[in-house]
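Summary of the model geometry
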Amino acid sequence: MKVSKAFASLPEFERRLIEEDKAAATVVKYISDVRIFLSWCAENSVGGITMPVLRTYRDFLSRRRKESGCNSVVISLNRFFRMFAASEHLHLRTVRLQRRTSLESVFSREDYKAMLQKAREMGNERAYCIMRTLASSGMRVGELVFVTVEILSSGICFVRNKGRAREVFIPPAVCALLREYCGRNGITSGIVFRSKKNSSRMMDKSAIWRDFNRIREALKMPVNYVHAHNFRHFFAKEYYLNFKNLPELADLLGHTSIETTRIYTRTTMAEKMARVSALNL
């Protein structure tokens, strides 16, 4: 496939992804990954895209990214070439990932309580409510858009993400907390965690990250320890520790494969070391 032809196909690629109901962030990522690859081709005077070219680019990426990051780009490229160069058999294998045997960087219940306390001390009610919502439901940060005033009476939130729909359950105590938050902030309908500029849109994720990062810094916790997705990990691990029901946890998290959920059955390296030491052999 000619590089010039690939560049010209990008608008059509975007249109088809949107027609497939891909999430907006997914569309942006796919387009960006392909455009960066094509720019790399142009910079290296590559006229035609072949399998050797794709393997060279994968090797180039693998020296600069983690395996998971490299694979995410490979998936984007394969999606593009499957649409526009299927007859040329341009398809890369992903880099084989070593299976993780430990679950690291998930904060403890004590850390969680400390973060909630610090948010209150800092007067950041919004961050406190978001942390409670994420940790008690296991939802993704982008799914906060489905947390509306209307669902707080039942606590059942219908979430649509990645082409799938599922029920997310928010505990009564957290629903009561959110109703109080809405009352104090004059929110009578629609999205609870809304943008200040546009009440029909969810607040920017970067604002959530900044709130969490201030709390992390105040507690002197490690960098990347307090991020929104880690509250989902925290929920999953706590749920499994308490109920040991992996299929149910997979349903709650919206995983299509139970193997994805199985990671939460693993212990940390510190926990493994403590257990090995406890053998006293």
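All of the points below concern the structure found in this document. Please read these numbers as outputs of a predicted model, since none were measured by experiment. (Residues numbered from 1 in each chain as written. Predicted model: local features only at pLDDT ≥ 70, side-chain atom pairs only at ≥ 80, totals over all residues. Heavy atoms only, no water.)

1. Here we look at the packing of helix α1 (residues 3-19) against helix α4 (residues 67-84)
At a minimum axis separation of 10 Å, α1 and α4 run at an interaxial angle of 100°. When the axis of α1 is compared with that of α4, the two are roughly perpendicular. Contacts between α1 and α4 pair A6, S9, L10, E12, F13, R16 and L17 from the former with S76, R79, F80, M83 and F84 from the latter. Classifying every residue of the contact of α1 with α4 by side-chain character gives 7 nonpolar, 2 polar and 3 charged. (Axes fitted to C-alpha atoms, helices over the stretch in contact; angles between N-to-C directions. Helix = DSSP H or I, 4+ residues; strand = E, 2+ residues; numbered from the N terminus. Parallel < 35°, antiparallel > 145°, perpendicular 65-115°, else oblique. Contact = heavy atoms within 4.5 Å. Nonpolar A, V, L, I, M, F, W, Y, C, P; charged D, E, K, R; others polar.)

2. Some points on the pattern of salt bridges
All chains considered together, the criterion is met by 14 salt bridges. Ionic pairing is found between R214 and D211, a salt bridge with its closest N-O pair at 3.1 Å. Of this pair, R214 and D211 are both found in helix α8 (residues 205-219), 3 residues apart, which corresponds to roughly one turn of the helix. Residue classification places R214 among the partly exposed positions, given a relative accessible area of 43%. When the shortest N-O distance is used, the salt bridge between R262 and E259 registers 3.2 Å. Linked by salt bridges that have partners in common, E12, R15, R16 and E19 make up one network. (Salt bridge = Lys/Arg side-chain N within 4 Å of Asp/Glu carboxyl O. Buried < 20%, exposed > 50% of the residue type's maximum accessible area, 1.4 Å probe, protein only.)

3. Remarks on the nonpolar core
L144, V147, C157, F193, F212 and F231 are the most contacted members of the largest nonpolar core, which totals 45 residues. Secondary structure elements with two or more residues in this core: α5 (109-121), α6 (125-137), β1 (156-161), α7 (172-184), α8 and α9 (228-243). Looking at which element gives the most residues to this core, the answer is α6, with 7 residues. When neighbours within four sequence positions are excluded, F193 is seen to be in contact with R126, C129, I130, T133, L144, L178, Y181, M202 and M203. Ranked by size, the runner-up nonpolar core spans 32 residues in total, among them V27, W40, F81 and A85. (Core = buried A, V, L, I, M, F, W, Y, C linked by side-chain atoms within 4.5 Å.)

4. What about the packing of α6 against α7?
Geometry of a packed helix pair, given as the angle between the helix axes and the separation of the axes. Where α6 contacts α7, the two axes come as close as 10 Å, and the packing angle between them is 155°. When the interaxial angle is binned, α6 and α7 end up roughly antiparallel. Our pair here, α6 against α7, has a crossing hand that is left-handed. Between α6 and α7, the contacting residues are E125, R126, Y128, C129, R132, T133 and S136 on the first element and A173, V174, L177, L178, Y181 and R184 on the second. When grouped by side-chain class, the residues that make up the contact of α6 with α7 number 7 nonpolar, 2 polar and 4 charged. (Left-handed = near helix turned anticlockwise from the far one by under 90°.)

5. Quick look at helix α10 (residues 246-253)
Among the residues of α10, those classed as buried are L246, L249, A250, L252 and L253. Down the axis of α10, the sector holding all buried residues measures 160°, keeping them to one side. For α10, the elements touching its buried residues are β2 (164-169), α9 and α11 (258-261). Where α10 begins, one side-chain oxygen reaches toward the backbone nitrogen of E248, 3.0 Å away; that side chain belongs to N245. (Arc of directions from axis to C-beta. Polar contact = N/O pair within 3.5 Å; in protein donor to acceptor, adjacent residues only side chain to side chain.)

6. Side note on the layout of surface pockets
Of the volumes computed, that of the second largest pocket is approximately 270 Å³. If you trace the second largest pocket, you find 14 residues lining it, with R109, Y112, A135, S136 and F234 closest to the centre. Sorting the residues of the lining of the second largest pocket by element identifies α5, α6 and α9 as the ones contributing at least two each. When residues of the lining of the second largest pocket are assigned to their parent elements, the largest contribution, 6 residues, is made by α9. (1 Å grid on protein atoms, 1.4 Å probe; cavity = no way out; pocket = protein on both sides within 12 Å on 5 of 7 lines; lining within 4 Å. Points joined across faces, edges and corners; volume = space filled by probe spheres on them.)

7. A few points about the state of the cysteines
The full count for this structure, using the stated rule, is 0 disulfides. For the unlinked cysteine C70, the closest cysteine sulfur is that of C41, found at 15 Å. Note on C70: relative accessible area 1%, which makes it buried. (Disulfide = S-S within 2.5 Å.)

8. Structural notes on the packing of aromatic side chains
In total, this model carries 20 aromatic pairs according to the counting rule given. Measuring from centroid to centroid gives 5.1 Å for F13 and F80, while their planes differ by 80°, and the two rings are edge-to-face. Here F13 is found in helix α1, whereas its partner F80 is found in helix α4, with 67 residues between them in sequence. F13 sits in the buried class, given a relative accessible area of 0%. Considering the side-chain rings of F212 and F231, the 5.2 Å spacing of their centres and the 45° angle between planes classify their relative orientation as tilted. Taken together, the positions of F212 in helix α8 and F231 in helix α9 put the pair 19 residues apart, joining distant regions of the chain. Among the aromatic side chains, those forming a connected cluster through ring pairs are F13, Y30, F37, W40, Y57, F60, F80, F81 and F84. (Phe/Tyr/Trp six-rings, centres within 6.5 Å; stacked < 30°, edge-to-face > 60°.)

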